[in-house]
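# Structural description and commentary
Residue-level listing of the chains:
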Amino acid sequence: MKVGVLALQGDVREHSQVLAELGAHPVAVRTPEDLTGVDAMVLPGGESTTISMLLDSSGLRRPLGARLAEGMPALGTCAGMVLLATEVLDGRPDQESFGAIDLTVRRNAFGRQVASFETDLDVAGLSGEALHAVFIRAPVVERAGPAVEVLASVADSQGVPRPVLCRQGVVVAAAFHPELSGDWRVHEMFLAGR
Ligand code: GLN
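Right, let's walk through the structure included here.

About the cut-offs
Residues numbered from 1 in each chain as written. Predicted model: local features only at pLDDT ≥ 70, side-chain atom pairs only at ≥ 80, totals over all residues. Heavy atoms only, no water. Pairing = 2+ DSSP bridges. Helix = DSSP H or I, 4+ residues; strand = E, 2+ residues; numbered from the N terminus. Axes fitted to C-alpha atoms, helices over the stretch in contact; angles between N-to-C directions. Buried < 20%, exposed > 50% of the residue type's maximum accessible area, 1.4 Å probe, protein only. Near = heavy atom within 4 Å. Polar contact = N/O pair within 3.5 Å; in protein donor to acceptor, adjacent residues only side chain to side chain. Areas by Shrake-Rupley, 256 points an atom, 1.4 Å probe, with all protein chains shown as cover. 1 Å grid on protein atoms, 1.4 Å probe; cavity = no way out; pocket = protein on both sides within 12 Å on 5 of 7 lines; lining within 4 Å. Sits in = over half its atoms within 2 Å of the grid points. Nonpolar A, V, L, I, M, F, W, Y, C, P; charged D, E, K, R; others polar. Points joined across faces, edges and corners; volume = space filled by probe spheres on them.

### Focus on the sheet that holds strand β5 (residues 85-89)
- Reading across from one edge, β5-β6-β9 is the order of the three strands in this open sheet, with mixed pairing throughout. Only two strands of the sheet have a single neighbouring strand rather than two, namely β5 and β9 (140-144). Ignoring strand direction, the axes of neighbouring strands in this sheet form an average angle of 25 degrees.
- In the sheet, β5 pairs with strand β6 (residues 101-106) via four bridges, with the strands oriented parallel. The residue of β6 that forms the bridge with Glu87 is Thr104.

Below, the structure is given as structure tokens:
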């Protein structure tokens, strides 16, 4: 299976290594031509404002948006979750997202602006030990639509449980970085679920 990794900025190499370890064939996607023959996409963490601008300058926004609208499976992590969401709060005014999963997300909103943290998650449908998750200036999900299945949540600084791993059909979005913890079960779930 050819899995495209959006390679404009961010954790591209890390995701590609995980996909290769799991037996998929990662393809770096930088241009519209790179999308040809890709069966699924990973949108990595990084800086969603930057990636959003690069989607325009690379010419990828329309063709990638069209593939997502046709139902191409996609995994978005952190900035990738922001890019896949329906609505982005605290983004740049010109920042656009694909609306591939019905979430409203607020950028950089877990704890303080610079807060990063690690925690263990109980994930619905994952057997075995808790999933160790690394959060780096993570988005907070403020709203998950009725079609969204919340697979894991974490309490925010007010104690309100916030979805951090969500699925809507073939689209999976994580507020954390599953490519950084050495536990590839989110990628496995994504590859198995398409
Ligand atoms: N704060 C970043 C953004 O909104 C995401 C951070 C990350 O991907 N680690 O784009």
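So that's the structure; there's more coming.
### With respect to unusual backbone geometry
- In this structure, Cys78 is a non-glycine residue whose phi angle is positive, near 55 degrees.
- By the element assignment, Cys78 lies in the loop between β4 (74-77) and α4 (79-84).
- With relative accessibility at 4%, the residue Cys78 sits in the buried group.
- Of note, the phi angle at Arg137 is positive, near 45 degrees, even though the residue is not glycine.
- Inspection of the secondary structure assignment puts Arg137 in the loop between β8 (131-136) and β9.

### A look at the sheet that holds strand β2 (residues 25-29)
- Pairing is mixed across the open sheet formed by seven strands, whose spatial order is β2-β1-β3-β4-β12-β11-β10. The two strands at the open ends of the sheet, each matched to only one other strand, are β2 and β10 (149-155). Neighbouring strand axes in the sheet, compared pairwise and without regard to direction, differ in orientation by 20 degrees on average.
- Where β4 and strand β12 (residues 171-174) come together, four bridges link them in parallel fashion. Bridge pairing in β12 links Ala74 to Val171.

### So, the site of the ligand
- Contacts to the ligand come from Gly45, Gly46, Glu47, Ser48, Cys78, Ala79, Arg107, Asn108, Ile136, Arg137 and His177.
- Measuring from a nitrogen atom of the ligand, one finds a backbone N or O atom of Ile136 at 3.0 Å.
- One nitrogen or oxygen atom from the main chain of Arg137 is found 3.1 Å from a nitrogen atom belonging to the ligand.
- Against a free-state accessible area of 300 Å², the protein chains account for coverage of 96% of the ligand.
- Here the ligand is seated within the largest pocket.
- In terms of residue class, the shell around the ligand is built from three nonpolar, five polar and three charged.

### Let's talk about the layout of surface pockets
- Empty space within the largest pocket amounts to approximately 170 Å³.
- Lining the largest pocket we find 15 residues, and of these Gly46, Glu47, Cys78, Ile136 and Arg137 sit closest to its centre.
- When the residues that make up the lining of the largest pocket are grouped by side-chain class, the tally is five nonpolar, six polar and four charged.

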